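Analysis of the macromolecular model
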There are 4 protein chains.
Amino acid sequence: MTKPLKVGMIGYGFMARTHSNAYSQVSHFFDVPYKPVLQVVCGLEEKEAKAFADKWGYQSYTTDYRKVLEDDNIDVVDICVPNNMHAEIAMAAAKAGKAICCEKPLALNAAQAQEMVDVVEKAGVPNLVSFNYRRVPAVTLAKQLIDEGRLGRIFHYRANFLQDWTISTQVPQGGMATWRLDVKAAGSGVTGDLLAHCIDTAMWHNGPITSVCAMTETFVKERMHAESGKVEPVGIDDACTFFCRFDNGSLGNFESTRYARGHKALYTFEINGEHASIAWDLHDLHRLSYFDHRDDSIVRGWRSVHITDSDMPYMDKWWVPGLQIGYEHTFIHQAAEFLEAMAKGQPASPSFREALATQKVCDAVLASGRSQQWEKIEH
Amino acid sequence: MTKPLKVGMIGYGFMARTHSNAYSQVSHFFDVPYKPVLQVVCGLEEKEAKAFADKWGYQSYTTDYRKVLEDDNIDVVDICVPNNMHAEIAMAAAKAGKAICCEKPLALNAAQAQEMVDVVEKAGVPNLVSFNYRRVPAVTLAKQLIDEGRLGRIFHYRANFLQDWTISTQVPQGGMATWRLDVKAAGSGVTGDLLAHCIDTAMWHNGPITSVCAMTETFVKERMHAESGKVEPVGIDDACTFFCRFDNGSLGNFESTRYARGHKALYTFEINGEHASIAWDLHDLHRLSYFDHRDDSIVRGWRSVHITDSDMPYMDKWWVPGLQIGYEHTFIHQAAEFLEAMAKGQPASPSFREALATQKVCDAVLASGRSQQWEKIEH
Amino acid sequence: MTKPLKVGMIGYGFMARTHSNAYSQVSHFFDVPYKPVLQVVCGLEEKEAKAFADKWGYQSYTTDYRKVLEDDNIDVVDICVPNNMHAEIAMAAAKAGKAICCEKPLALNAAQAQEMVDVVEKAGVPNLVSFNYRRVPAVTLAKQLIDEGRLGRIFHYRANFLQDWTISTQVPQGGMATWRLDVKAAGSGVTGDLLAHCIDTAMWHNGPITSVCAMTETFVKERMHAESGKVEPVGIDDACTFFCRFDNGSLGNFESTRYARGHKALYTFEINGEHASIAWDLHDLHRLSYFDHRDDSIVRGWRSVHITDSDMPYMDKWWVPGLQIGYEHTFIHQAAEFLEAMAKGQPASPSFREALATQKVCDAVLASGRSQQWEKIEH
Amino acid sequence: MTKPLKVGMIGYGFMARTHSNAYSQVSHFFDVPYKPVLQVVCGLEEKEAKAFADKWGYQSYTTDYRKVLEDDNIDVVDICVPNNMHAEIAMAAAKAGKAICCEKPLALNAAQAQEMVDVVEKAGVPNLVSFNYRRVPAVTLAKQLIDEGRLGRIFHYRANFLQDWTISTQVPQGGMATWRLDVKAAGSGVTGDLLAHCIDTAMWHNGPITSVCAMTETFVKERMHAESGKVEPVGIDDACTFFCRFDNGSLGNFESTRYARGHKALYTFEINGEHASIAWDLHDLHRLSYFDHRDDSIVRGWRSVHITDSDMPYMDKWWVPGLQIGYEHTFIHQAAEFLEAMAKGQPASPSFREALATQKVCDAVLASGRSQQWEKIEH
């Protein structure tokens, strides 16, 4: 009989929806060791918290996250609030002995992330950072192909994350919907929000990044703040490009912007190895492009692999060949792995410690954008 | 406060999963007038039925569908069993006053479908046939674009449904996994299983099909039967191509096969109008291709519309721009519309009556394959 | 030292340009046994003929094709005039002992084509019909892959040729630019103009077509005639769909129309075999799509083969990997093969006799469109 | 009557073929003021030079380029030899009063390029550098769309040029086929060979690049030299990534490598503007991707514009809609424009002076790769 696992959700925004959905769905598709129970949701506005609880079937709601931590019933605390609140809540949750799932980026900066790692590891609680794109079946398959050695020596890793939703100068900063444009809430712009995903995946696929050189830009210099109602300077990076060197000798090229007209969430990567290459993009997340130079030359070409067969990562849990899954499923896969790791007493991945490594790269990227110099990263 | 709506599920196979998921999820994303409750699941094997009930949270299970119909608690009967059992169960459910959701194709043939329509309409119960592909946002958008008159006069409607899973002669017929190859259980092969979808969508988009001319083929003439353990003749159509005329003067070309190596569930359609054309395929279901001749000539081309923004059909219920949904969501959309129609006392679409029209076309197609003549359809 | 081969060109329209270009270019890229010399061009209007001669470097021009045939200097007669003039000129040229390259379709109908074959074969002159799409490297590669047995047993052959240039009712029929809409000049509409290409390639790839069943339509029933200046009934087929059976047991599905908004010259084909499938389209003619089921399942997908490497058909003659050729090159390849066959005293392909087979299928298709019955073809 | 223009070709390699073809073909398709006459070809090996002359119809050949310059008959000198010979020949040709077409990159470095500009401008001779990719119709169309203001303010310009032909350590450096790997002959690796194209197009499209920051790498540190027969250090850049700032405030990101498995000559660019974006790649050079945010939102998407209609740049000269041209045509377009500019006494573009600007950026990129600092460019 599957044991219940009681979840306290901190936040009721976009990410709280994806995580609540994951906890609702995971046992319908995976044979998980625990059955998540949506126990309590916490958010600033009582009315919103109640509506969220009703929608998702949380048994109660609160506006004070400390109440969640104090509740002995709660097994897991899931943190889906703006970045500037991660550290306080996560460290308190660790001290309260809760397992923790925290949205990315882990912290506002590497120093803060380090402190969180120290506290969490000292407390010995299960911990996970929600770099969900690792759990796209195609992205997991890429990892598998690399680990099998199919690509041979890696020469290049390239990743972009392109959006276009802040081109209008009328988009405000701050507040519930646009806190990602407010440097105080977000810590940084595209670097922490988008490149953090690219960096997490890249280091998972290709090992540590050891030095970076970046160019950053803020195209719109001031925006109305949704809370103050005043036009205030914009402190985030609207665009960030960096190149880097990986520990394995390969070269990286990364770019993110919210000013690439025509792209909503175009996270792409391409990996070029001696024998084979891989490419993927989030706008068609159910496909992986693969080129293998060892194919017969007259039928050699990029293969568009439709990731729906049951021998593909996670896909035995879903439907039948040809029928695609989408974005939300990455969180369900993540939940399954978190539950499984918890049951085994093993660390889930990416842990806070792994997310700290990503944070260090983000810090170095932002520092390089300021210094206009190469920056080294110690892992 | 949302009223509960108690669901009795008949079947525990692939389709029962998609429907159970829909009932579980619909209230998390849609503001529906009823909250579905998974009350009872019915299937032939008790052990399987119990496992299915556990997985999906059904409160009970049974091996006798009549128990479900006799239960006054049950509001909706959902029929997810092989085609040859649809009529008996659906007519009994109607007589028991239940709302009915029935998997497609509605019946083994049009005569049977007519009988079902008569019984269901006499009983006056809400009824829906699960032609779920109408509820792919891109397919719904296509309907909207046509209805807005963007295409102008329609010249051509083309649809294919290509698979490759029965090429091996070792695939058996009959039984739980392969009843679709057994003519007694399925009624027909690709015509009822796959072309029925194409025909339903086509008539929804483009109006009645009035005459057809078909070619059918059975490539593998005999297969082991999973139940008898004996090699038996294959009675289904492995492949079926037909062309047709629509009532509006346009020409249709339809093809389905399970012998198209490289295609898993490649349902595609293309509509060519005087001013604009539309194309879609199920392998990238979150995109719609659109060509508009009225565009400036130097920037005129097929547009790949990524259907994720909140102004797209259904997409305000899901995530944020750029993040795709998948196959299972079509059933959730269908459930939402069924519940809403029920609350309003309006017919849901496609009703049994609409599915009868599709059945008539399927019958005509199969008849034409045998007669090698054009066949007319009276609607 | 390469011998000169003197060419008399009959016609100065679109096809005369492609053929003149081929003769000009062939010796720059291929080691051909003859060097074509553009000797004389013949056309109805003297001024136009002169301009064409100047442009392409023909040494003279004439308005009377008989002068070309009487000229002992001329080795090859190349026929690039409307279809209704092919027979007369070709038979006279054969009787005059000239080698003949004739544009497709060979004749207005199979009876006329048969007569031409008889005369040409009796005269024993080299003869070729310009089904140039065989000479797209990707199409030639497809033939090679089929002949190597990579596909295994063939189940399906599908081809479309879609255009959109006659949707406007203002397009006239007849005259220099639009003779293809005038049944007297063209013999038929899309069947002879476009499906003839598809049929030629299909029978080259997949063997004889033995029976057909067709649907034809004329959407615009009358058009201004460019010569008479009067509105006259339209006698051609605007659209034609047919399915068929090949001698090898596979099924064919063909469609052509000039009312498919968004497609200019979208000739596509797809071949589904037991082990592998192939797809191609003329709008990206330098690519071949290939799917091989024998690939490792986790990296199995449609391969987009970019046909530019030197081990691809014809491509050792052109540039370097990655750099594509285009439409006109098909005629250069055809010229190279015609010259080579001539030097060896072997028949070039497709010969008049092969084109007769295609004409028979076209006749059967048109007959079936009228009779609304299946029609058999004797080869 | 069109005047003859006598061409002296220096070189008989790959580029000499593309230029010879252009001179042969240009008057067949364009109404040019001069008819090029292939007068003499010059190359190091007499046998090769003779064979080349025979193939292309040059009236004579020589092994001494000075003979070409001394010949009063020669109007144009076309320089298609390795980069280290450009300066000497071009300056001597200018002094001899010849019009000059020179392959790119113009020189080994900016200082040398400056000297060449000075000499050529003093001599007042027509001059052109063969950045042929500007003359791909889709690339020219991109320029037109930008100049029309369709994109609005530009935020990002991204270009890559990816190849994979030097991954094997067995590829030698130096000699006829692989001089591009020999730093003495080539001056640099991917920067001068490939990025020079990207930079030329980018500055044509988007204005001056004012500062750059680069990362370069040589993956294979030593290779056999084809001339010495000895293993020697490799002096070129195998890969180069740089980001930059344009004078108009937009950001650039450029990458080139010969170690991107699966790409033969994948030159791509993408331009993101306030209202619209453009993307293109050389592997499908006959298409332009265009996204316009001002489209109706429900049919907004990337448009794949098939560049074959007669209202597209250069395409009125070629075939009919739907029928694509290829790589070689860029040189024909270039020749047409060179002849026309010459007849009008106007500078052709890109002139030596424009190519000097590109050379300055290349120099800065290489310098930055060494210094690991940003480098500024004065134009």
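The structure under discussion appears in the preceding block.
Residues numbered from 1 in each chain as written. Chains lettered and ligands numbered in written order. Predicted model: local features only at pLDDT ≥ 70, side-chain atom pairs only at ≥ 80, totals over all residues. Heavy atoms only, no water.

Before going further, it helps to examine the overall build of chain A. Scanning chain A from terminus to terminus reveals eleven helices and 17 strands. In terms of overall dimensions, chain A has a C-alpha envelope of 65 × 55 × 40 Å along the principal axes. The long-range fraction of contacts in chain A, counting pairs at least 24 apart against all pairs at least 6 apart in sequence, stands at 69%. (Helix = DSSP H or I, 4+ residues; strand = E, 2+ residues; numbered from the N terminus. Contact = heavy atoms within 4.5 Å.)

Take the relation of the copies chain B and chain C next. Rotating chain B by 180° about the axis while translating it 0.0 Å along that axis superimposes it on chain C, leaving an RMSD of 0.0 Å. Here the symmetry operator amounts to a two-fold rotation axis. Scanning chain B for the C-alpha nearest the rotation axis identifies Gln373 of chain B, at a separation of 3.2 Å. Residue by residue, 100% of the interface of chain B is reproduced at the interface of chain C, so both copies engage with the same surface. (Least-squares fit on C-alpha atoms with pLDDT ≥ 70 in both.)

Turning next to the interface of chain D and chain C. Counting residues at the interface gives 37 residues for chain D, matched by 37 residues for chain C. Of the roughly 3100 Å² buried between chain D and chain C on both sides combined, carbon and sulfur atoms contribute 51%. Between the two partners, chain D and chain C, sit four salt bridges. One salt bridge connects Arg287 of chain C with Asp284 of chain D, and the closest N-O pair in it is separated by 2.8 Å. Inspection of the chain D/chain C interface yields 28 residue pairs in polar contact (both at pLDDT 80 or more). For the side of chain D that touches chain C, the secondary structure elements donating two or more residues are helix H1 (14–29) and helix H2 (46–56) of chain D. (Buried area = accessible area lost by both parts, 1.4 Å probe. Salt bridge = Lys/Arg side-chain N within 4 Å of Asp/Glu carboxyl O. Polar contact = N/O pair within 3.5 Å; in protein donor to acceptor, adjacent residues only side chain to side chain.)

Between chain B and chain C, the residue contacts involve 43 residues of the former and 43 residues of the latter. Of the roughly 3600 Å² buried at the junction of chain B and chain C (both faces included), carbon and sulfur atoms supply 56%. Along the contact surface separating chain B from chain C lie four salt bridges. The interface formed by chain B and chain C holds 25 residue pairs in polar contact (both at pLDDT 80 or more) in total. Secondary structure elements with two or more residues in the side of chain B that touches chain C: strand E7 (154–162), strand E8 (209–217), strand E11 (239–246), strand E12 (251–257), strand E13 (266–273) and strand E14 (276–281) of chain B. Element by element, the count of residues in the side of chain B that touches chain C is highest for E11 of chain B, at six residues. Along the lines of polarity and charge, the residues of the side of chain B that touches chain C split into 18 nonpolar, 17 polar and eight charged. (Nonpolar A, V, L, I, M, F, W, Y, C, P; charged D, E, K, R; others polar.)

Attention now moves to the side chain of Asn160 of chain C. Among the structural elements, Asn160 of chain C can be located in strand E7 (residues 154–162). Residues in contact with Asn160 of chain C, not counting those within four places in the same chain, are Arg158 of chain B together with Cys198, Phe254, Glu255, Leu266, Tyr267 and Thr268 of chain C.

Another aspect to go through is the environment of Gln373 of chain A. Turning to its location among the elements, Gln373 of chain A is positioned in the loop between helix H11 (352–371) and strand E17 (375–376). On the accessibility criterion, Gln373 of chain A (33% relative accessible area) is partly exposed. Separated by 295 residues in sequence, Gln373 of chain A and Asp78 of chain A place their C-alpha atoms 38 Å apart. With residues near it in sequence (within four places) discarded, Gln373 of chain A still touches Val212, Cys213 and Ser368 of chain A together with Gln373 of chain D. (Buried < 20%, exposed > 50% of the residue type's maximum accessible area, 1.4 Å probe, protein only.)

What follows covers the packing of helix H1 (residues 14–29) of chain C against helix H10 (residues 329–344) of chain C. Residues and elements named next belong to chain C. At a minimum axis separation of 8 Å, H1 and H10 run at an interaxial angle of 60°. In terms of axis orientation, H1 runs oblique to H10. When you trace H1 past H10, the crossing you get is right-handed. Residues Met15, Thr18, His19, Asn21, Ala22, Gln25 and Val26 of H1 form the contact with H10, whose participating residues are Phe331, Ile332, Gln334, Ala335, Ala336 and Leu339. Grouping the amino acids of the contact of H1 with H10 by side-chain chemistry returns eight nonpolar, five polar and no charged. (Axes fitted to C-alpha atoms, helices over the stretch in contact; angles between N-to-C directions. Parallel < 35°, antiparallel > 145°, perpendicular 65-115°, else oblique. Left-handed = near helix turned anticlockwise from the far one by under 90°.)

What follows deals with the pairing of E14 of chain B. All names here are of chain B. Across the six residues that make up E14, a large majority, five, are buried. Bridge analysis of E13 against E14 gives five bridges, and the strand direction is antiparallel. Note that in E14 the partner of Asn272 across the bridge is Ser277. Between the antiparallel neighbours E13 and E14 lie two residues. (Pairing = 2+ DSSP bridges.)

Residues and elements named next belong to chain C. Look at helix H6 (residues 137–147) against helix H9 (residues 190–206): their axes get within 9 Å of each other, and the N-to-C directions meet at 25°. Between H6 and H9, the angle falls in the class roughly parallel. Facing Val139, Thr140, Ala142, Lys143 and Ile146 of H6, the residues of H9 in contact are Thr201, Trp204 and His205. Partitioned by chemical class, the residues of the contact of H6 with H9 number four nonpolar, three polar and one charged.

All names here are of chain D. Taking burial as the measure, the ten residues of helix H4 (residues 86–95) include seven buried ones, the bulk of the element. The complete set of buried residues in H4 reads His86, Ala87, Ile89, Ala90, Met91, Ala93 and Ala94. Tucked inside the fold, the buried residues of H4 contact strand E1 (3–10), helix H3 (65–70), strand E4 (76–79), strand E5 (99–103), helix H5 (110–123) and helix H11 (352–371). In the stretch just after H4, Gly97 is the one whose phi turns positive, near 80°.

In this structure, Pro105 of chain B follows Lys104 of chain B across a cis peptide bond, with omega equal to -10°. By the element assignment, Pro105 of chain B lies in the loop between strand E5 (99–102) and helix H5 (110–123). Of note, the bond from Ser349 of chain D into Pro350 of chain D is cis; its omega dihedral lies within 30 degrees of zero at 0°. The residue Pro350 of chain D is located in the loop between helix H10 (329–344) and H11 in this model. Despite not being glycine, Tyr314 of chain A has its phi angle at roughly 70°, a positive value. With respect to the helices and strands, the residue Tyr314 of chain A is situated in the loop between strand E16 (302–306) and helix H10 (329–344). Take Tyr314 of chain A: its relative accessible area is 11%, and that puts it in the buried class. Of note in the backbone geometry, Gln372 of chain C takes a positive phi value of approximately 55° without being a glycine.

Attention now goes to the environment of Val139 of chain D. All names here are of chain D. Positionally, Val139 belongs in helix H6 (residues 137–147). Of the residues examined, Val139 reaches a relative accessible area of 1% and is grouped as buried. Placed 94 residues apart in sequence, Val139 and Pro233 show a C-alpha to C-alpha distance of 37 Å. For Val139, the residues in contact, after removing those within four places along its chain, are Tyr133, Arg134, Thr201, Trp204, His205, Phe269 and Trp280.

Its location among the elements puts Glu328 of chain D in the loop between strand E16 (302–306) and H10. One buried charge, Glu328 of chain D, has no salt-bridge partner; the nearest side chain with opposite charge is Arg17 of chain D, at 8.3 Å. Here the side chain of Glu328 of chain D touches His329 of chain C through a polar contact of 2.8 Å, side chain to side chain. Ignoring sequence-local partners within four residues, the contact set of Glu328 of chain D consists of Gln25, Trp318, Trp319, Ile325, Glu328 and His329 of chain C together with Asn21 of chain D. (Lys, Arg positive; Asp, Glu negative; His and termini not counted.)

Mapping between the two copies of the chain is achieved by a rotation about an axis and a shift along the axis. Overlaying chain D with chain C gives an RMSD of 0.0 Å, the required rotation being 180° about an axis along which the chain moves by 0.0 Å. In this assembly, 100% of the residues forming the interface of chain D have copies in chain C that are likewise at the interface, indicating an isologous arrangement.

With that settled, consider the pattern of salt bridges. Applying the stated rule across the entire model yields 102 salt bridges over all chains. Here Arg150 of chain C makes a salt bridge to Asp296 of chain A, at a shortest N to O gap of 3.0 Å. In this pair, Arg150 of chain C is assigned in the loop between H6 and E7 and Asp296 of chain A in the loop between strand E15 (287–292) and E16, connecting two distinct chains. Overall, Asp296 of chain A belongs to the partly exposed group, its relative accessible area being 42%.

This part is about the sheet that holds strand E1 (residues 3–10) of chain B. All names here are of chain B. The strand order across the open sheet built from six strands is E3-E2-E1-E4-E5-E6, with neighbouring strands paired in parallel fashion. Each end of this open sheet is capped by a strand with a single partner; those strands are strand E3 (60–62) and strand E6 (127–129). The mean angle between the axes of side-by-side strands here comes to 25°, regardless of whether they run parallel or antiparallel. With respect to the sheet, helix H10 (residues 329–344) is in contact with E1, strand E2 (34–42), strand E4 (76–79), E5 and E6, its orientation differing from that of E5 by roughly 155°.

Before going further, it helps to spend a moment on the pairing of strand E11 (residues 239–246) of chain D. Residues and elements named next belong to chain D. In terms of burial, E11 is a largely internal element, seven of the eight residues being buried. In the sheet, strand E8 (residues 209–217) pairs with E11 via eight bridges, with the strands oriented antiparallel. Looking at the pairing, Ser211 lines up with Arg245 of E11. Where E11 lies against strand E12 (residues 251–257), seven bridges are found, and the strand directions are antiparallel. Each residue of the ladder has a partner; that of Arg245, found in E12, is Leu251. Here E11 folds back onto E12, and the loop between the two strands holds four residues, one of which, Gly249, carries a positive phi near 90°.

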